[in-house]
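Next come the chains, spelled out residue by residue.
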Amino acid sequence: MLKLSLYFLLTLVICQANAQLSEERAYTRQDSLRGSVTPERAWWDVLHYQLDVSVDPEKKTLKGTTTIRYKVLEDGDVLQIDLQNPLVIDKIIQDGKSLEVTHEGNAHFVRVVKPQKVGEINEISIAYSGKPHEAQNAPWDGGVTWAKDSAGNHFIATANQGIGASVWWPCKDHQYDEPDDGAVIRINVPANLVAVSNGRLKSQKREKNKTRTYTWEVVNPINNYTINMNIGDYVSFSEKYEGEKGSLDMEYWVLRYNLSKAKIHFRDAKRTMQAFEHWFGPYPFYEDSYKLVEVPYLGMEHQSSVTYGNGYRMGYKGIDLSSTGQGLKWDFIIVHETGHEWFGNNISTKDIADMWVHEGFTSYAESLFTEYHYGKEAGASYSRGLRANIQNSETIIGDYDVNGRGSGDMYYKGHNMLHTLRQIVNDDGKWREILRGLNKDFYQQVVTSQQVEEYIAEKTGLLLKPFFDQYLRDIRIPALEYWAKDGTLIYRWTNCLEAFAVPVDLYINGKKTRVEPTTEFQGLELNTTTAEIKVDPNYYVYSHSLYGNR
Ligand SMILES: [Zn+2]
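Description of the coordination of the zinc ion
Next, step 1: Around the zinc ion, the donor atoms from the protein are His336 (NE2), His340 (NE2), Glu359 (OE) and Glu359 (OE), and they sit 2.0 to 2.7 Å away.
Next, step 2: Every donor counted, the four donor atoms about the zinc ion form angles of 52 to 156° at the centre, which fits irregular coordination.
Next, step 3: Sequence spacing among the residues donating to the zinc ion works out to H-x3-H-x18-E. A residue pair is termed long-range when its members are at least 10 positions apart, and His336 in helix α6 (residues 332-339) and Glu359 in helix α7 (residues 356-374) qualify at 23 residues. A single burial state applies to His336 and to Glu359, both of which are buried.

What to know about the confidence of the model for the protein chain
Next, step 1: Looking at the protein chain, the pLDDT average stands at 94 and 95% of residues meet or exceed 70.
Next, step 2: Note on residues 1-22: pLDDT under 50 across the span, and zero contacts to partners over four residues away in sequence or across chains.

Some points on the packing of helix α9 (residues 409-425) against helix α10 (residues 428-441)
Next, step 1: Where α9 meets α10, the closest approach of the two axes is 8 Å, and the angle between their N-to-C directions is 130°. It follows that α9 is oblique to α10 by the angle criterion. By crossing handedness, the relation of α9 to α10 is classed as right-handed. On α10, the residues touching Leu418, Leu421, Arg422 and Val425 of α9 are Asp428, Lys430 and Trp431.
Next, step 2: Within the contact of α9 with α10, the residues separate by chemical class into four nonpolar, no polar and three charged.

With respect to the sheet that holds strand β13 (residues 200-206)
Next, step 1: Judged by pairing direction, the sheet is mixed, and its eight strands sit side by side in the order β5-β4-β8-β2-β1-β11-β14-β13 without closing on themselves. Sheet topology places β5 (97-98) and β13 at the edges, where each strand pairs with a single neighbour.
Next, step 2: When strand β11 (residues 183-190) meets strand β14 (residues 211-218), the two strands line up antiparallel, connected through eight bridges. From the neighbouring strand, Arg186 faces β14, where its bridge partner is Thr215.

Regarding the packing of helix α11 (residues 449-460) against helix α12 (residues 465-473)
In a packed pair of helices, the relevant descriptors are the angle between the two axes and the axis-to-axis distance.
Next, step 1: The N-to-C vectors of α11 and α12 enclose an angle of 140°; their axes lie 10 Å apart at closest approach. In this structure, the crossing between α11 and α12 has a hand that is right-handed. Every residue of α12 that contacts α11 at Ser449, Glu453 and Ile456 is listed here: Phe468, Leu472 and Arg473.

Cut-off values and rules
Residues numbered from 1 in each chain as written. Predicted model: local features only at pLDDT ≥ 70, side-chain atom pairs only at ≥ 80, totals over all residues. Heavy atoms only, no water. Donors = N, O, S within 2.8 Å, 3.2 Å for Na, K, Ca; no water. Tetrahedral: all angles 85-135°; square planar, octahedral: opposite > 155°, others 65-115°. Helix = DSSP H or I, 4+ residues; strand = E, 2+ residues; numbered from the N terminus. Buried < 20%, exposed > 50% of the residue type's maximum accessible area, 1.4 Å probe, protein only. pLDDT = per-residue confidence, 0-100. Contact = heavy atoms within 4.5 Å. Axes fitted to C-alpha atoms, helices over the stretch in contact; angles between N-to-C directions. Parallel < 35°, antiparallel > 145°, perpendicular 65-115°, else oblique. Left-handed = near helix turned anticlockwise from the far one by under 90°. Nonpolar A, V, L, I, M, F, W, Y, C, P; charged D, E, K, R; others polar. Pairing = 2+ DSSP bridges.

In structure tokens, the structure reads:
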């Protein structure tokens, strides 16, 4: 008996150890250098980036200089600069003096010579060159895509969320620090090509060596992973959008042979702006304009230059991800990537572990777009339809300080968590106020998931910690367990955290009734002995009817 128990106990311990092992990911020192605010990052605050980069499409090489303007926050004499292999740093200069660098993989530690006084503003220039990592499957793996358009012209683009901006230019490669005063991006390309980047085109200059230099400027803070360069045989057209903050310049850069197609298809951009200004408040970057830029990969939320490669098709590459038909009424890439201008670019997360704030809200934005143009039930059915894509195998929030994003459920489950929360709030006016309030109160800020969760809890006056913990930090979907007998409905939440307690709407014989279950059984008098009970399908919860409904 004892032996047997011990055997069982041991088996149990071993099983648990294995389960834990399989959940833990192995991180390296490089992951920590990339993903944490190291002491060599913490003492200086980036104010401005200036990128000067020459692109040789034939050799697939870059040669350039990044100039970083920064403010000294505390004592320090070593700066961490990130630049990924196989690119190499040629020289680092401050005040005309060449500085000593120690390399550790993709992190480079630069010892400054002149004393760094707290409050002082300094500049440092990093010259670099080489053949950058080539993207195999942009935007997911990231890097540079060297393609040709169907007329045989070079068609080149960068996309680097996750892998990081340092895959093609030297920077402080961490989301917590955005350049407060924006960036200048100067791109030199063969004279027959056009280079498009973020913000506004300030100048273009013909150089002596049959090249052309395009200077773009962003005046707002920007995530460095959304700084991008796109090179091709581009032509452009534009329109004005009379929006909440005045007249917004909307500009479209497309391949020459796609111009007439784009003029029709890109009408979705204006429809997107209308819907999102309604739900989220003014477009956050009027000063920098809004652009859609055609690229040789699917698309990405580059700030003020949303990149587009959906092939002028509706849906996601012509597919409706929700399988409801709603997703084929609009171009997924235009709507989704533009949604990130509010959630991702305006409100950015400090750590990529909290990336659901970007993707959950933006996925949910697709539903709000659908609702705005096609009605409330159209939007809700889109939300429900996406649930088939949820895995529930790993948590949405990833690992902090190691550049570790959470599970892909951050999209559809994050979306449905918000859709569920909206049902709980049960007041569409207030819900819209919260969405707009987030964009106003966290305007151009870098935040944590916890800040967003606490903000919503405060504005709704609801105790939401167990709710967010359940959906973001646990993989179980709460189930409402219930049965009706002799005129009483008995119910409770199961398959969830002990503290999980949120109201839910039931249809009892077709009549909407709100109950407030906890993990303890409760009862509700039905005043009838025959009740048909259904949980409102807009809640992303499971339900188990015990003993059948009577
Ligand atoms: Zn996204």
